[in-house]
Structures are given as C-alpha cells and as structure tokens.
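# Coordinate inspection notes
Spelled out, the chains give:
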Amino acid sequence: MSKLTKAGKYVYFFGGGKADGNESMKNLLGGKGANLAEMAGHPKLKLPVPAGFTVTTEVCTYFYENKKTYPKVLKSQVEESLAKMEKLAVKKFGDEKNPLLVSIRSGARRSMPGMMETVLNVGLTEKTIGGLIAQSGDERFAYDAYRRLIMMYADVVMEKGAGIEVKSKGIRKIMDEKLEHIKHKQGYTSDTDLTVDELKELVIDYKKTIKKILGTEFPDDPWKQMWGGIGAVFSSWNGKRAIEYRRIEKIPDEWGTAVNVQSMVFGNMGAGSCTGVAFTRNPGNGENKFYGEYLVNAQGEDVVAGIRTPAPVNQYSMNDQSKQFTSLEKLMPALYKELFSFQKRLEQHYKDMQDIEFTIEKGKLYMLQCRVGKRNGIAAVRMAAEMHKEKLIDAATAVMRVAPNQLVELLLPMIDPAAELITKPIAKGLPAGPGGARGRVVFTSDDAVAWAAKGEKVILVREETSPEDVDGMHKAQAILTTKGGMTSHAALVARGWGKCCIVGCSDIEIHANTKTFHAKNGEIIKEGDWLSLNGTKGLVYEGTMALTEIDLDKNISYNYLMKLVDKIKQIAVRTNAETPEDAGHAMKFGAEGIGLFRTEHMFYGEGSEQPLFLLRKMIVSKTEQERRTALNELFKYVKKDIKDTMKVMKGYPVTIRLLDPPLHEFVPHDVEKLHHLGKELGISMSVLRRRVLALHENNPMLGHRGVRLGISFPEITEMQVRAILEATAEILKSGKKAFPEIMVPVTCTVNELIHQKVIVDRVYKEVCVKMKMKKIPYLYGTMIETPRAALRAELMAHVADFFSYGTNDLTQMSFGFSRDDIGGFLPKYLDLKILPYDPFQTIDQDGVGELVRAGINGGRKAKPHLKVGICGEHGGDADSVKFFHRLGMNYVSCSPFRVPIARLAAAQAALENKR
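So, here is what we can say about the structure in this document. (Residues numbered from 1 in each chain as written. Predicted model: local features only at pLDDT ≥ 70, side-chain atom pairs only at ≥ 80, totals over all residues. Heavy atoms only, no water.)

### Describing the overall build of the protein
This is how the line gets drawn: Numbering goes from the N terminus for both helices and strands, where a helix is a DSSP run of H or I of at least four residues and a strand is a run of E of at least two. Between the two quantities, the radius of gyration covers C-alpha atoms and the globule rule is 2.2 Å times the number of residues to the power 0.38. Burial classes: relative accessible area under 20% of the type maximum marks a residue as buried, over 50% as exposed, and values in between as partly exposed (1.4 Å probe, protein chains only). Contacts are residue-level and defined by heavy atoms, with any inter-residue pair within 4.5 Å sufficient. All accessibility values rest on the Shrake-Rupley procedure with a 1.4 Å probe; residue burial counts only the protein chains present in the view.
The secondary structure content of the protein amounts to 35 helices and 32 strands. For 915 residues, the compact-globule estimate of 2.2 N^0.38 gives 29 Å, and the C-alpha radius of gyration of the protein, at 33 Å, lies within 12% of that figure. When each of the 915 residues of the protein is scored for burial, the buried share is 56%. For the protein, the share of sequence-separated contacts (at least 6 apart) that also reach a separation of at least 24 residues comes to 68%. Summed over all atoms, the accessible surface of the protein reaches about 39,100 Å², with 52% contributed by carbon and sulfur.

### Here we look at the nonpolar core
Note the threshold: Nonpolar cores were defined as sets of buried Ala, Val, Leu, Ile, Met, Phe, Trp, Tyr and Cys residues, with membership established by side-chain atoms within 4.5 Å.
In this structure, Ile-619, Ile-642, Phe-803 and Tyr-805 are the most contacted members of the largest nonpolar core, which totals 133 residues. The contact partners of Ile-619, leaving out residues within four places of it in the chain, are Leu-663, Phe-666, Val-667 and Leu-695. Counting residues in each nonpolar core, the second largest holds 60 residues, with Val-59, Phe-141, Tyr-206 and Phe-218 among its members.

### Focus: helix α7 (residues 196-214)
Worth spelling out the cut-off: In this analysis, the expected span of each helix is defined as 1.5 Å times one less than the number of residues it contains.
The end-to-end C-alpha separation of α7 is 26 Å, in line with the 27 Å expected for 19 residues at 1.5 Å each. Buried residues along α7 sit against α5 (139-160) and α6 (171-186).

### Thoughts on the sheet that holds strand β9 (residues 311-312)
Across a sheet, strands are paired by hydrogen bonds formed along the backbone, either parallel or antiparallel in direction. For clarity, the threshold we go by: Whether two strands pair comes down to DSSP finding at least two bridges between them. In this analysis, axes come from line fits to C-alpha atoms, helices being fitted only over the stretch in contact, and the angle between any two N-to-C directions falls in the range 0 to 180 degrees.
Spatially, five strands are ordered β9-β8-β7-β10-β11 in an open sheet, and the strand pairing comes out antiparallel. Among the strands making up the open sheet, the edge pair consists of β9 and β11 (364-372). With two bridges joining them, strand β8 (residues 291-296) and β9 adopt antiparallel strand pairing. Bridge pairing in β9 links Glu-293 to Pro-312. Here helix α12 (residues 333-350) sits on the sheet and contacts β10 (354-361) and β11; the angle it forms with β11, its principal contact strand, is near 25°.

### Comments concerning the packing of aromatic side chains
To keep it simple, the criterion reads: Here a pair means two rings of Phe, Tyr or Trp (six-membered ring of Trp) with centres within 6.5 Å. Their orientation is stacked below 30 degrees between planes, edge-to-face above 60, and tilted elsewhere. Over a ring means this: the NZ of a Lys or the CZ of an Arg is within 6 Å of the ring centre and within 35 degrees of the ring normal.
Counted according to the given criterion, the structure contains 19 aromatic pairs. Between Tyr-764 and Tyr-778 the ring centres are 5.4 Å apart and the planes differ by 45°, which places this aromatic pair in the tilted class. Taken together, the residues span a long stretch of sequence, with Tyr-764 in helix α28 (residues 750-771) and Tyr-778 in the loop between α28 and β29 (779-784) at a distance of 14 residues. The burial state of Tyr-764 is the same as that of Tyr-778; both residues are buried. Ring-pair connections join several aromatic residues into one group, and the members of that group are Phe-63, Tyr-64, Tyr-70, Trp-227 and Phe-234. Cation over ring: Arg-246 sits above Trp-237, and NZ or CZ is 4.0 Å from the ring centre. Sitting over the ring of Tyr-780, Lys-757 keeps its end group 5.6 Å from the ring centre.

### Considerations on the pairing of strand β7 (residues 274-279)
Across the six residues that make up β7, a large majority, six, are buried. Of the two faces of β7, both are covered, the one formed by Cys-274, Gly-276 and Ala-278 as well as the one formed by Thr-275, Val-277 and Phe-279. Examined bridge by bridge, β7 and β8 share six bridges and lie antiparallel to one another. Its bridge partner being in β8, Gly-276 is matched across the sheet by Tyr-294. For β7 and β10, the ladder comprises six bridges, and the chain directions are antiparallel. Residue Thr-275 lies in a different strand from β10, and its bridge partner there is Thr-359.

### Quick notes on the sheet that holds strand β14 (residues 430-433)
On the basis of which strands lie adjacent, the open sheet formed by eight strands has the order β13-β23-β22-β15-β16-β17-β18-β14 and mixed pairing. The sheet terminates laterally at β13 (427-428) and β14, the two strands that pair on one side only. As paired strands, strand β15 (residues 436-442) and strand β16 (residues 458-462) are joined by three bridges and run parallel to one another. Of the residues in β16, the one forming a bridge with Val-441 is Ile-459.

### Regarding the packing of helix α20 (residues 556-568) against helix α35 (residues 899-914)
What counts, and what does not: Should an angle fall under 35 degrees it is taken as roughly parallel, and over 145 as roughly antiparallel, whereas 65 to 115 is taken as roughly perpendicular and any remaining angle as oblique. Each crossing gets its handedness from the near helix: less than a right angle anticlockwise from the far helix is left-handed, clockwise is right-handed.
The contact between α20 and α35 brings their axes to 8 Å, and the two run at 50°. By the angle class used here, α20 and α35 are oblique. With respect to the hand of their crossing, α20 and α35 are arranged in left-handed fashion. Of the residues in α35, those in contact with Tyr-558, Met-562, Val-565, Asp-566 and Ile-568 of α20 are Pro-900, Arg-903, Leu-904, Ala-907, Ala-910 and Leu-911.

### With respect to the state of the cysteines
How we decide: The rule for a disulfide is simple: a pair of cysteine sulfur atoms within 2.5 Å.
Tallied over the entire structure, the rule returns zero disulfides. Cys-274 takes part in no disulfide bond, and the closest cysteine sulfur, belonging to Cys-370, lies 18 Å away. Left without a disulfide partner, Cys-748 is nearest to the cysteine sulfur of Cys-871, which lies 17 Å away.

### Side note on the packing of helix α13 (residues 377-389) against α20
The criterion, for reference: In this classification, the charged set is Asp, Glu, Lys and Arg, the nonpolar set is Ala, Val, Leu, Ile, Met, Phe, Trp, Tyr, Cys and Pro, and all remaining amino acids, among them Gly, are polar.
The interhelical angle for the contact between α13 and α20, taken along N-to-C directions, is 70°, at an axis separation of 8 Å. Taken together, the axis directions place α13 and α20 in an arrangement best described as roughly perpendicular. Seen from above, α13 lies across α20 with left-handed handedness. Across the interface between the two elements, Val-381, Arg-382, Ala-384, Ala-385, Glu-386, His-388 and Lys-389 from α13 touch Ile-556, Ser-557, Tyr-558, Tyr-560, Leu-561 and Leu-564 from α20. For the contact of α13 with α20, the per-class residue count stands at eight nonpolar, two polar and three charged.

Structural data, given as structure tokens:
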C-alpha cells in the first residue's frame with residue numbers, strides 16, 4: 001500500500017498570480033503541474049496562466065492499489081479548488097447561464113508527449129450550452145466545442161478508459177468518418193466550414209452512435225464528465241502506448257501521472273483567436289531562434305493532430321508548407337511581442353530550451369504549458385555548447401544536457417528525416433548498427449565484394465552472418481539479417497565499424513534460389529533492387545532515399561562540448577580495434593588507447609588470403625614441427641599488423657588479446673581451398689579431412705579456445721608474444737612510442753596465467769638480446785570472462801598486471817544464454833518484464849555486475865593499484881559506463897564510433913558521483 005502525504009493534501013491550486021506548488025515538486029505534481037504552478041505563482045514570472053489545480057501522482061498510485069478508487073477527502077479538495085477557479089473566472093462549473101468549462105490533462109514527472117490522454121471542454125452539456133452561446137455570442141463555436149467534447153470523451157473515457165478492446169474501428173475513427181462524410185458531401189475543405197445546423201445534427205448522431213457501439217449514454221452531467229475524465233487520465237498511465245514509451249525511455253512504472261484540471265480558454269472563437277505551440281530555440285538544429293506554429297480559430301489538439309496545416313509564428317519558422325500563410329508576428333504584432341517576451345523570460349528562468357503552448361482568446365494571450373523541449377542529438381549538442389558560451393549554464397550542466405546516445409546522430413550519416421515522413425517502411429528489425437545507408441541488394445558475401453569492386457553500393461542481405469562473410473560485410477554499405485539479436489555476429493561487427501545494420505528482421509523471408517526476399521506486406525525485392533535502411537530505428541525502405549552526411553571536424557558545438565567532457569571525466573575511454581584503419585578512426589573520436597586488439601581479425605578481409613592460408617596450415621598440422629614451420633611463416637604478417645596499429649596509437653596503450661576463437665572456425669569448407677592446403681602439407685584429402693574432423697566440437701564456445709590453445713600448443717603463444725615484443729622494440733628504436741599489453745583470454749585459474757607467463761618471460765629475454773635493448777615496456781594481464789575467474793581474481797592478480805573484463809562472454813556464461821540465439825525468447829522476456837532490459841546491451845548490475853565487483857575487490861586486495869578495464873560491448877553503453885565508473889575502473893573500451901558516447905557517459909558518471 002502506498003504512503004500518502006501526512007497532510008492528506010492531494011490537490012494543488014494555481015492561478016491569479018498564486019500557486020500551492022512550484023517547479024521543484026515534479027515528483028508530486030508531475031512536470032506539467034509543477035511548471036503550471038511555477039509560471040502562475042513564481043514572483044519573477046506570474047504569467048497569464050488559466051487557473052486550475054493538479055491532482056497529485058500519489059492519487060494515481062492509490063487509484064491502482066485500491067481498485068481504481070480515490071482517497072475519501074479528494075472530492076472535497078477538488079470542489080474547494082474548483083470554487084477558487086470559479087471565483088477568478090467569474091463563472092460557475094455546471095451553471096446553465098454562465099458555465100465554466102475545463103480541460104483535463106495528464107502530467108508525468110518526465111514528459112511523455114502524446115502518450116497519455118486529454119479531454120477538453122468538460123462541463124458542456126445540453127443544459128449549459130445555452131450559457132456558452134450567451135458568453136461567446138457564437139452558436140456555431142459552442143456546438144463545435146460540444147462535438148469536440150463528445151468525440152474526445154467517448155474515445156478517452158468511454159472506450160479506452162473503460163478498457164474496451166477495439167476489434168476493427170475505434171469510436172473516434174467512426175466519428176471522424178462521419179465528420180469527413182459531411183465535409184465530402186458539402187465540398188468543404190476544413191472543419192471550420194461546417195454550419196451550426198450541421199454541427200447540431202452531428203452532435204445528435206454522435207450520441208446515438210455512442211449508445212449503439214459502446215452500449216452506454218454519453219454523460220450529460222458536468223460532474224460525471226469531470227470524474228470520468230480524471231479516471232481516464234489515470235487509466236491512460238497503463239495504456240499500451242504509454243507502457244511502450246516508458247520501456248523505451250526507461251521511465252519507472254511506479255511513478256504514475258498527475259492530473260491537471262484547468263479553466264478552458266478558446267482559440268476557436270473566431271478570427272481574433274488562435275492556438276499554437278512554440279520552442280524557445282529550434283528543436284531541429286538547436287539554433288537560438290524562436291520557432292513555432294499556430295492555427296487561427298482552432299483548439300490545441302488541431303495543431304498536434306495535423307488536421308490543418310499550421311501557420312508560422314514568425315518569418316524564421318516558415319517552411320515550404322506554411323510560407324503562404326500570414327505569420328502571427330504580422331497578424332497580431334502586439335500579442336506576438338508579448339509572447340516573444342514570455343518565451344525569453346521562460347528560457348532565462350529555466351535555463352533550458354522550453355516547449356510552450358499558448359492560446360489567444362479574443363485578443364488576450366494565455367500560457368497553457370511550458371516544459372523542457374524535446375530535441376534531436378544535433379540540436380542538443382548545439383544548445384548545450386551555446387548556452388554555456390552565453391553563460392546561461394555552467395560546464396557541468398552543459399555536459400548533463402546531452403543524452404550520450406544522442407551523439408549517434410552526429411557520428412553517422414542518417415536518412416533524411418523529411419523523406420522518412422512521407423515513406424512507409426516495408427519491414428522492421430532490431431536496430432543493431434545506427435545511421436542510414438542505401439544500396440543494391442546482394443545475398444552473398446562474394447557478390448558484395450564483386451559488386452563493390454565494380455563501384456556499386458550494396459546492402460548485404462543474409463539470414464545470418466559468419467566470420468567468412470566479413471569481407472563482404474566490410475564492402476557493403478549496410479547489413480540486413482533475418483535472424484540474430486543485438487549481439488549477434490552481424491551486430492557486433494557492424495557496431496565495431498560504425499556500419500548501418502539491422503538484425504532479426506523476421507518481417508522478410510529470403511528465397512536464396514531466386515535471389516529475392518519477400519516482405520510481409522507482399523513486396524518482392526530482387527537482387528540488384530535498391531533498399532534504404534535506418535539502422536537507428538531498424539526500418540527498411542524500398543528504393544533509394546537521400547542521406548544527410550556529417551562532418552564532425554566542422555561541428556563547432558560538438559568539439560566545444562567534448563572539450564568540456566574531457567575536463568570532467570575521470571576514466572579513460574579506449575577502443576576495440578582490429579586494423580590500423582579502425583584505430584585511426586577511433587583516435588579521431590578521442591580514444592585514449594586500444595582496450596581490445598583481436599589478432600584473429602587479420603585473417604579475414606582485404607589482404608588476408610596468405611596469412612589465412614598459413615594459419616589454416618598451422619591448424620591442420622599434426623606435429624609441433626609442422627606447426628612451427630607454419631607459425632614461422634605467419635610471424636611476419638602478425639608482427640606487421642601489430643606494429644602498424646601501435647604506430648597509429650602513438651604511445652597510447654594497446655591491449656593485444658592472444659588468439660581466442662576455436663581453431664575449427666578458420667578451417668575452409670571450399671573443396672578447392674582444401675585441395676590447396678593438402679598439397680602444401682603433402683597429405684591426401686582423406687588424411688586432411690580426418691584432421692579437420694578431429695577439430696570438431698559439440699560446444700566450441702566452451703571448448704578448445706583462448707588460453708587452452710596456448711597451453712596445448714605453447715608455440716602459438718610464443719609466436720604471438722615474439723611478434724608483439726619485436727614490433728614494440730622496432731617502434732621504440734625508431735624514436736617513436738609504443739606500449740603493448742599482452743592479454744590472455746578465457747582464463748579460469750591462476751595456473752593458466754603462470755603457465756603462459758613462463759613463455760612470455762623467456763621470449764622477452766630473447767627479444768631483448770636480439771634487439772639489443774635492456775628492457776621493453778609491456779604489461780601482462782588477463783581477460784576476466786568466466787565466472788570462476790571473477791571469483792578467483794585475488795589469486796590471479798598476483799600474476800596479472802591488469803584485468804580486462806570481457807563482459808560479452810561473462811554475461812553469456814552467467815545467464816546461460818547464447819547471445820546468438822536469444823532472438824527466440826528475449827523479446828518475450830522483455831515484454832513480460834522477466835528481464836528489465838537486454839543484458840547483452842546494458843550490464844546486468846545485480847548478477848554479472850556483482851561478479852565484476854567481486855573480481856575488482858579481490859584483485860585490488862592482492863594488488864591495490866591493479867589496472868582494471870572492460871572491453872565488452874557494454875563499454876559503449878552509457879548506463880553500463882556509469883556503473884563501471886562507480887566500481888572504480890581505470891578505463892572502458894568500445895567500438896570506435898561509440899567512443900564519444902562513452903566519453904560523455906564517463907563525464908556524466910563523474911558528475912553524478914559528486915552529487
């Protein structure tokens with residue numbers, strides 16, 4: 001049972017220059033209620049806000065915990081506040097001659113635009129409509145207000161609020177069609193063209209329709225409408241779209257919503273009235289210009305619903321659709337000037353961009369709402385940087401203003417938002433690699449390489465990808481798979497490259513034999529057809545759509561903000577890289593080293609044919625001598641790749657993971673390649689096939705991989721360590737800097753580390769002698785990716801100089817989930833809230849996080865200054881980075897394009913820890 005306020009105060013009044021609440025009370029009054037109180041009652045504002053009251057979020061909690069009932073004192077508190085509203089308005093709720101009408105709106109702590117319900121014109125009945133006609137002198141206006149109330153109330157209260165499942169058309173849709181039928185029949189272009197008689201007939205028809213479809217009468221009683229509206233707003237907190245929005249935005253279900261009841265003011269009282277929405281800065285690009293739209297003779301819902309094309313509030317707000325309309329600045333210059341001064345005062349007061357709603361009723365301006373305005377990533381960065389330059393906010397506030405994931409929009413090309421507005425997607429999958437891309441469809445990696453070689457831009461469409469697809473994936477503009485989750489092979493590789501990628505797209509079915517795929521709505525896409533992908537939203541479009549290119553070097557605001565970020569953050573941000581090119585990209589994004597250099601990736605992609613052949617030769621060798629011969633040939637390729645990458649990093653640490661994947665992954669399936677391999681080794685195909693078969697494992701991810709390879713075949717470790725140390729020595733002797741960190745993967749006992757350290761120490765001495773150097777700087781450490789390693793970390797720290805947490809495998813082994821096969825059940829787990837989020841995207845703090853914590857504590861017990869980092873995908877997830885900061889990690893590592901995101905998250909973590 002929820003605890004209600006001791007004072008039993010559930011209703012907070014605002015209006016007439018006074019307010020019971022203020023902006024600091026968002027948890028209790030919701031964002032909208034708190035801001036209405038602030039605008040109405042703060043001594044420095046006292047804006048013309050229509051009087052009203054807020055029913056608190058505590059009542060919402062009580063409502064759900066007590067079978068949708070209310071605290072006993074609520075009724076009297078509502079009546080008391082309504083009496084104050086009546087006094088200020090000089091009108092009375094329910095009065096036949098001089099009625100007060102009200103709006104009923106939601107208001108959660110955090111803005112959830114459009115996710116919950118609103119009812120306007122509450123209190124209008126057959127008895128009170130005569131009073132409204134007398135007040136306004138406009139019968140048509142009164143009946144237009146009445147039909148709006150009936151439409152909204154039937155939809156919000158009588159259908160959705162009552163929990164009625166819509167099978168085909170909802171009541172609102174049916175009523176809209178009746179309205180459109182009249183307009184079509186009479187040749188009208190706008191709702192405002194309807195005559196008073198037509199509106200009267202429509203009201204009668206609406207009431208009959210409600211009775212027929214919903215089985216109950218429309219309540220022609222003001223108080224029934226009032227309590228019906230309040231209950232419907234509370235009920236909308238658990239509506240489908242509100243629940244989904246909260247899941248996406250990670251808004252807690254237990255917060256609840258407040259309800260705001262406010263005196264109606266009317267923008268639809270003729271040519272001298274209007275309603276509008278505006279922003280104190282442009283929410284699309286962040287420019288410091290007042291931006292907004294309005295409609296003459298309309299109510300607020302008309303602007304939001306897009307029923308009519310709105311006019312611009314000023315010259316700056318004009319676009320191709322609205323340039324033929326007169327701006328508010330020209331139509332009502334005095335009122336525009338007043339509105340402009342209000343928006344300036346509000347931004348100065350809140351020190352952030354404000355989204356405001358206003359209504360002008362017969363020449364008088366009213367402020368209906370203000371809230372922190374939603375903005376895209378480009379606008380968020382610009383506003384934060386410019387507000388700091390303007391000394392409106394301090395550096396800490398500027399850094400906290402931008403959500404880390406908003407930076408994605410600045411880093412990658414995006415599909416033109418204007419084009420997306422008018423184009424319907426043919427399929428939707430999981431957004432694995434953000435950004436936009438367009439290209440011609442191919443269905444194999446080889447075709448992707450071949451087409452790209454001819455200058456074609458391609459999108460690789462596969463059921464799923466494997467390491468052998470890497471070259472084609474690299475050449476493709478984007479990757480689309482029908483299977484796999486957010487940490488599948490395609491997703492991981494694409495994110496590492498900053499490449500657009502959609503996975504798990506079950507809306508399409510691939511027909512490999514005809515080189516086509518079929519979308520669920522019947523579209524058939526053939527090889528060579530054009531597709532456009534929005535990897536940020538997981539949307540697939542037929543045809544080619546415009547892309548917007550991004551150049552960070554030219555983004556003054558981004559570079560300004562990131563300078564503030566780097567002054568504040570306390571942990572380093574490294575990158576996961578496979579090639580010198582990856583490392584170079586990451587350096588541009590601000591990486592301070594490489595946290596994971598995977599040596600095996602040199603065996604796929606461009607220029608990999610010979611080293612891959614030599615690796616395969618080593619794998620199928622039967623004797624140590626055969627293996628050493630192959631390894632000696634392979635050595636120069638490994639050394640060159642490591643050396644080229646360390647050169648790019650200019651002395652920043654480079655953590656090089658020793659060979660990790662199971663060897664069978666590198667064995668060819670192609671008969672011609674097998675013949676070549678057998679010939680080189682001087683063995684028959686039958687012998688070669690037996691050797692290949694011997695490599696097969698039932699569960700290779702838990703099999704012969706990582707450190708187990710180095711223990712079974714010490715010469716593999718020896719070759720890699722020699723390559724690392726010689727590469728380092730050569731760079732140092734050339735007068736440049738290099739600092740490698742040798743990382744042993746998949747360990748579970750200190751004895752494995754001791755075994756491999758003996759090899760490292762021996763090779764180190766040999767290289768020092770060969771290179772005529774007294775010492776070569778390096779660190780020796782391990783990747784903590786098994787639960788046992790985390791639990792035995794204290795012992796392992798006696799041998800290791802550093803730990804790097806491989807949270808991908810640690811999550812996989814802790815949960816017992818295969819990250820490549822979670823698509824079949826994880827969506828259900830998330831829908832049913834069995835898990836709060838995908839543990840492969842955001843670190844599971846309660847389980848996996850406890851293993852990480854235990855490992856750090858144990859390691860630093862043995863070695864207080866032990867260096868600790870993380871190199872899993874979680875290193876680029878903002879919430880995970882903040883968790884790792886709290887654990888005292890020295891660095892996080894992530895794919896190159898997520899480096900700026902991790903930098904910003906690290907700075908925000910430092911600020912949050914100060915609070």
